[in-house]
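Each chain, letter by letter, is given below.
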Amino acid sequence: MTILFALVARGSVVLAEFSATSTNAGTISRQILEKIPGNNDTHVSYSQDRYIFHVKRTDGLTVLCMADDTAGRRIPFALLEDIHQRFVRTYGRAVHTAQAYGMNDEFSRVLSQQMEYYSSDPNADRMNRLKGEMSQVRNVMIENIDKVLERGDRLELLVDKTANMQGNTLRFRKQARRFRSTVWWRNVKLTIALIILLLVVVYVVLAFVCHGVTLPTCLK
């Protein structure tokens, strides 16, 4: 998976989170939540090593995810927008009074499903482009995480690369199966086309032969 961690928070109070691998991204994310300046709606990204923390805050609700830098910005922010809408639609005004991790048991499963979808399904980016809702993401500057955290506070990001490699292997297997299916259908279509062509050639030859002889001879 290219998106490895996600959470939903009210201010610095985490309401739900999910991690696809063994990592301390949760600890670093909580540091980011405490340091984000102001209360205005914002889209911002912070980099650490080859991972990027993407943050979307709307109406006091913050959605954050950590993704591999190869994921770019459009897909992670599409995930954040999706999660925000699902969370508000599910819990409504309860988000303003819920205790820490009050929605975690239920909503962590949603985070897991949507992270998997946006990490591996090509339709996720295709639908996002069709909607045209993420043009503002182009203006999001990716800053180093030191911009928001003091150097003394910043922790080294630890990610279980074995689990990440397993996710990449699973994605590769899906792509391989899709490729084999495409090749199989292509071969079937080619075989059918060759049979039709052969039948046409036989028909033309028979028509030519019958045209060159008398009808009784042709019928014998």
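Remember, predicted model here, so these are calculated numbers, not experimental data.

Take the packing of aromatic side chains next. Using the criterion set out here, one finds five aromatic pairs in the structure. Consider the rings of Phe87 and Phe107, whose centres lie 4.8 Å apart with planes at 90°: the pair is edge-to-face. Taken together, the positions of Phe87 in helix 2 (residues 74–91) and Phe107 in helix 3 (residues 104–120) put the pair 20 residues apart, joining distant regions of the chain. Aromatic side chains Tyr91 and Phe107 sit 6.0 Å apart centroid to centroid with 65° between the ring planes, which places their arrangement in the edge-to-face category. A residue pair is termed long-range when its members are at least 10 positions apart, and Tyr91 in helix 2 and Phe107 in helix 3 qualify at 16 residues.

Once that is clear, we can look at unusual backbone geometry. Non-glycine residue Asp59 carries a positive phi angle of around 55°. Checked against the element boundaries, Asp59 lands in the loop between strand 4 (51–58) and strand 5 (61–68). One non-glycine residue, Tyr101, lies in the positive phi region at around 60°. Among the structural elements, Tyr101 can be located in the loop between helix 2 and helix 3.

Looking at where Lys56 falls in the secondary structure, it is placed in strand 4. For Lys56, a relative accessible area of 6% translates into the label buried. Residues Lys56 and Leu80, spaced 24 residues apart in sequence, show a C-alpha to C-alpha distance of 6.6 Å. If near-sequence neighbours (up to four positions away) are discounted, Lys56 is found in contact with Thr42, His43, Leu61, Thr62, Val63, Leu80, Glu81 and His84.

Rules used in this analysis
- Residues numbered from 1 in each chain as written.
- Predicted model: local features only at pLDDT ≥ 70, side-chain atom pairs only at ≥ 80, totals over all residues.
- Heavy atoms only, no water.
- Phe/Tyr/Trp six-rings, centres within 6.5 Å; stacked < 30°, edge-to-face > 60°.
- Helix = DSSP H or I, 4+ residues; strand = E, 2+ residues; numbered from the N terminus.
- Buried < 20%, exposed > 50% of the residue type's maximum accessible area, 1.4 Å probe, protein only.
- Contact = heavy atoms within 4.5 Å.

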